[in-house]
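Here's the letter readout for the chains.
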Protein chains: 2
Amino acid sequence: MKLYDFPKAPSPRRVRIFAAEKGLALTTVEVNLRQGEQFSQSYRSINPQCVVPFLVLDDGTGIGEVVAICRYLEEIAPSPPLLGTDPTSKALVAMWDHRMEVEGFAAVAEVLRNSAPTFRGRALTGPLASDQIPPLADRGRARVAAFFDMLDRRLAESSFVAGPSFSMADITALVSVDFADRVKIPAPEGHIHLKRWHENVSLRPSATA
Amino acid sequence: MKLYDFPKAPSPRRVRIFAAEKGLALTTVEVNLRQGEQFSQSYRSINPQCVVPFLVLDDGTGIGEVVAICRYLEEIAPSPPLLGTDPTSKALVAMWDHRMEVEGFAAVAEVLRNSAPTFRGRALTGPLASDQIPPLADRGRARVAAFFDMLDRRLAESSFVAGPSFSMADITALVSVDFADRVKIPAPEGHIHLKRWHENVSLRPSATA
């Protein structure tokens, strides 16, 4: 199988960390997002959504969306489990991962895409042209602040985001926090639980993936 | 266990249909969203996110987010499977469900919440106050149109959204299409594949849930 990827993009980083935690060495193909290669005819014919990550299996089946690619990897390489081990922990990982993605990752993307000159006319991921909406960047900043608060509160009561073990939810949270930092929205200094956790998960070898 | 629910809301309908397909009779507790009961102190103490659906297990564990509640139900009641049966079908259900949620459901919500007078000051779900952004309603309409196109194309090649079997992705797509219709964005007449599928899945007894 082959993973269509771009090393500097945060979304495929979720998959790369997930695979690294499992010791899976994925064959990657670079799609240069800086040069707009995701909109080329050749990449559209592979993934009409014009985004990475995108996994193509040996039988040609294409799998998009981070959550789906990680589900596939969990099924073919169950150890160590990153999506929970029993009904409750599986549900809690899914819950926290979804919250990290929607309240964290998507909020940061909303800021970046509605304010950075490079995303003019492309405020949405994918092929649909879309003007930037500046109030949406402001709203995104408020959402990212609320995300940091939620994450700090959660990590005051739990070693990892979804419970006592490292999971997919930590990966999505880590990528979101680092993505926010890159967009110049650093986590507040006073969020000591978030800070402790961030230092801890950043030390894992997978974090460099 | 108890499901906090509101019968007229589209988001918990995803869970109700999912449970009905499995023959699970869930005990529900109504949270009256029309009267703002989700923001009451008593409901905040149950779910600080101030949204439904929310599942509380007998041991007190709270599970929010539709995808997580459905994961829990799939694990405790595996038959009939609604989240796939092997690595590839599990990944494809996750992929299509995520697309239906983000490109369909969220786009319709974006239109409604940024245009209906009843959502003034509450353009986001949850506790964060947020002004409406009118251009976001317009952008939402364009996204819903693209969603209908994608869904019709997909259903031209597949009986159900994620493949040959009914799955969670059909539930999310059905709820999104019906939600759009309620917001006065009916699916285009010419989308015959979408229409065939919609008539078919709407006839399932679970659709009235």
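Residues numbered from 1 in each chain as written. Chains lettered and ligands numbered in written order. Predicted model: local features only at pLDDT ≥ 70, side-chain atom pairs only at ≥ 80, totals over all residues.

## Considering the relation of the copies chain B and chain A
- The operation relating chain B to chain A is a screw motion whose rotation component is 180°, with 0.0 Å of axial translation and a residual RMSD of 0.0 Å. The relationship between the two copies is best expressed as a two-fold rotation axis.
- An overlap of 100% is found between the interface residues of chain B and their copies at the interface of chain A, pointing to a shared contact surface. (Least-squares fit on C-alpha atoms with pLDDT ≥ 70 in both. Contact = placed C-beta atoms within 7 Å.)

## Here we look at the interface of chain B and chain A
- Contacts between the two partners involve 30 residues from chain B and, on the opposite side, 30 residues from chain A.
- Elements with a contribution of two residues or more to the side of chain B that touches chain A: β4 (62-64), α3 (66-76), α4 (87-113) and α5 (134-157) of chain B.
- Here the element with the most residues in the side of chain B that touches chain A is α4(B); it accounts for nine residues.
- Across the side of chain B that touches chain A, the residue classes tally to 18 nonpolar, five polar and seven charged. (Helix = DSSP H or I, 4+ residues; strand = E, 2+ residues; numbered from the N terminus. Nonpolar A, V, L, I, M, F, W, Y, C, P; charged D, E, K, R; others polar.)

## What to know about the nonpolar core
- Among the nonpolar cores identified, the biggest contains 116 residues, and Phe18(A), Ile69(A), Val108(A), Phe18(B), Ile69(B) and Val108(B) are the most heavily contacted of them.
- Ala123(A), Ile133(A), Ala123(B) and Ile133(B) belong to the second largest nonpolar core, which has six residues in total. (Core = buried A, V, L, I, M, F, W, Y, C linked by C-beta atoms within 7 Å. Buried ≥ 20, exposed ≤ 12 C-beta atoms within 10 Å, placed from the backbone.)

## Focus on the pairing of strand β2 (residues 27-30) of chain B
- Relative to β2(B), strand β1 (residues 2-5) of chain B is paired through four bridges, and the arrangement is parallel. Along β2(B), the bridge assignment pairs Lys2(B) with Thr27(B). (Pairing = 2+ DSSP bridges.)

## Describing α4(B)
All names here are of chain B.
- When the terminal C-alpha atoms of α4 are compared, their 37 Å separation across 27 residues agrees well with the 39 Å that a helix rising 1.5 Å per residue should span.
- Its axis deflected by about 30° at Glu-101, α4 carries its strongest bend there.
- Extensive coverage of α4 is indicated by the burial of 22 of its 27 residues. (Expected span 1.5 Å × (residues − 1). Bend = angle between axes of the 7 residues up to and from the residue.)

## Thoughts on the sheet that holds β1(B)
Residues and elements named next belong to chain B.
- Spatial ordering of the open sheet is given by β2-β1-β3-β4, a layout of four strands whose pairing is mixed. A strand with exactly one partner marks an edge of an open sheet, and here the two such strands are β2 and β4. Averaged over all pairs of adjacent strands, the angle between strand axes in this sheet comes to 25°, irrespective of strand direction.
- Here three bridges tie β1 to strand β3 (residues 54-56), and the two strands are oriented antiparallel to one another. Bridge pairing in β3 places Lys-2 opposite Val-56.
- Sheet strands touched by α3: β3 and β4. Its angle to β4, the strand with the most contacts, is close to 120°. (Axes fitted to C-alpha atoms, helices over the stretch in contact; angles between N-to-C directions.)

## A look at the domain arrangement of chain A
Residue and element names in this part refer to chain A.
- Under the domain assignment used here, chain A contains domain 1 (2-76) and domain 2 (87-208).
- Its C-alpha centre places domain 1 at a distance of 20 Å from the equivalent point of domain 2.
- Taken together, the eleven residues of domain 1 in the interface contact eleven residues of domain 2.
- Top contributing element to the side of domain 1 that touches domain 2 by residue count: helix α1 (residues 10-21), with seven residues. (Domains from an automatic or database assignment.)

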